[in-house]
Structure formats: C-alpha cells, structure tokens
Amino acid sequence: MNSTLPYKRIGVAIIWDRVGQILIDKRKAGGSMGGLWEFPGGKIEAGETVAECIVREIREELGIEIRVGEHLISIDHTYPNFQLTLIVHHCHHISGTPQPIESDEIRWVSVSELDNYRFPAANVEIINAVRAI
Ligand SMILES: Nc1nc2c([nH]c(=O)n2[C@H]2C[C@H](O)[C@@H](COP(=O)(O)OP(=O)(O)OP(=O)(O)O)O2)c(=O)[nH]1
Ligand SMILES: [Mg+2]
C-alpha cells in the first residue's frame, strides 16, 4: 500500500434475486468513474460492521431490503488518486423494487451478461470470483 494516498474500505453487495440474476448500477455521469457499472455499496463508516454498512448503503442507494450472506472476496486496489479495499459479500434480495436513487440506472443481469458492461479496474477479480461459483 502507498501510505501517501487516501484509503477507504468499501462494503460491496452481490445481490441475487430468486432467478439467479445480480443487481448492478451505473455510476452517475460526471462523477468519479462516471458511466461505469458497479456492484452497489459504499464506504464503511467508523464503528460499523461490513454487514451493517452493506445493509445501510443498499437502503440508501436502492431503497430495498437485503440479507447479507457469505463473504465472496476482498480486493485491495490502488487507483491513481486513492486506494481501497472492496469487501464483497453475497446478498439476497428480500423486499422492495430497486430504484436508481444514487445512480443513473440499475439492471438485473445474469452472470454471463456481466461481460457486456464496463466496470472499474478493481472489479476484474470480483467478476472472476462470481463466474467461478
Ligand atoms: N460500490 C462500489 N464501489 C466500487 C466498485 N468498484 C470500485 O472500484 N468502486 C469504488 C468506487 C468508489 O471510489 C468507491 C465506492 O465508494 P462510495 O460509493 O462510498 O463513494 P462514491 O462512489 O460516492 O465515491 P467518492 O465520492 O468517494 O469518490 O469504490 C464496485 O463494484 N462497487
Ligand atoms: Mg456507493
């Protein structure tokens, strides 16, 4: 890790529906990594567990309830201006229709369709891990 760059820990959700599709969202145009697709999630706040963070972020970003399940993978990645750890959990949709509250668009996609979307560089290993399950 490069100690001169800002560092954040991000809780990330692979949200599965009943037919085996995953929820992805398109980051807002104009913002950082604008227009790229991601798995929903966000910064882990002080005093919060990863699971608490994921539940909170998914309520804030999508307005739905989920159950946080097994840990999938954690990725350390250095971008030009910051570094992060993405802590990724399988999650299960419980209730509510997802809304693009903090993104430009959301979609339910099958694992094989992930290839059709552009994700940030840190996501390569996450997508490989999802494909491998
Ligand atoms: N939620 C999520 N974030 C990701 C993924 N891949 C990836 O590089 N990231 C990065 C983008 C952001 O820098 C950070 C997520 O933090 P956040 O959701 O709290 O913050 P944000 O997008 O508002 O970003 P910022 O204001 O801190 O720049 O992790 C991913 O698949 N999902
Ligand atoms: Mg976020």
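Residues numbered from 1 in each chain as written. Chains lettered and ligands numbered in written order. Predicted model: local features only at pLDDT ≥ 70, side-chain atom pairs only at ≥ 80, totals over all residues. Heavy atoms only, no water.

A. Up close: the UniProt feature "domain: Nudix hydrolase" (unreviewed entry) in the chain. According to UniProt, the "domain: Nudix hydrolase" (unreviewed entry) feature falls on residues 6–133. Helix makes up 17% of residues 6–133 and strand makes up 41%, while its end C-alpha atoms are separated by 32 Å. (UniProt positions renumbered as here; feature names shortened; annotations may be inferred. Helix = DSSP H or I, 4+ residues; strand = E, 2+ residues; numbered from the N terminus.)

B. Representation of the site of ligand 1 within the structure. Near ligand 1 there are 18 residues, and of these K8, R27, F39, Y79 and N123 occur at the shortest range. F39 is positioned with one of its backbone polar atoms (N or O) 2.6 Å from a nitrogen atom of ligand 1. With respect to ligand 1, the side chain of Y79 contributes an N or O atom lying 2.7 Å from an oxygen atom. Summarising the interface, the protein chains cover 77% of the accessible area of ligand 1, which totals 610 Å² for the free molecule. Its atoms largely coinciding with the cavity grid, ligand 1 occupies the largest pocket. The set of elements that each furnish at least two residues to the shell around ligand 1 consists of strand 1 (7–16), strand 4 (41–43) and strand 6 (83–95). For the shell around ligand 1, the leading source of residues is strand 4, giving three residues. Tallied by class, the residues present in the shell around ligand 1 amount to 10 nonpolar, four polar and four charged. (Near = heavy atom within 4 Å. Polar contact = N/O pair within 3.5 Å; in protein donor to acceptor, adjacent residues only side chain to side chain. Areas by Shrake-Rupley, 256 points an atom, 1.4 Å probe, with all protein chains shown as cover. 1 Å grid on protein atoms, 1.4 Å probe; cavity = no way out; pocket = protein on both sides within 12 Å on 5 of 7 lines; lining within 4 Å. Sits in = over half its atoms within 2 Å of the grid points. Nonpolar A, V, L, I, M, F, W, Y, C, P; charged D, E, K, R; others polar.)

C. Main features of the UniProt feature "binding site: 8-oxo-dGTP" (unreviewed entry) in the chain. According to UniProt, the feature "binding site: 8-oxo-dGTP" (unreviewed entry) maps to R27, E38, F39, P40, G41 and N123 in the numbering used here. In three dimensions, the annotated residues from a span of 97 residues occupy one location, with a maximal C-alpha spread of 13.7 Å. Of the annotated set, the members that line the largest pocket are R27, E38, F39, G41 and N123. Mapping R27 onto the fold places it in the loop between strand 2 (22–26) and strand 3 (37–38). The contacts of R27, once residues within four sequence positions are left out, are S32, M33, G34, G35, L36, E38 and D104. Within the secondary structure, F39 is located in the loop between strand 3 and strand 4. With relative accessibility at 3%, the residue F39 sits in the buried group. When sequence neighbours within four positions are dropped, the list of residues in contact with F39 reads V12, A13, I14, I22, L23, I24, D25, L114, F119, N123, I126 and I127. (Contact = heavy atoms within 4.5 Å. Buried < 20%, exposed > 50% of the residue type's maximum accessible area, 1.4 Å probe, protein only.)

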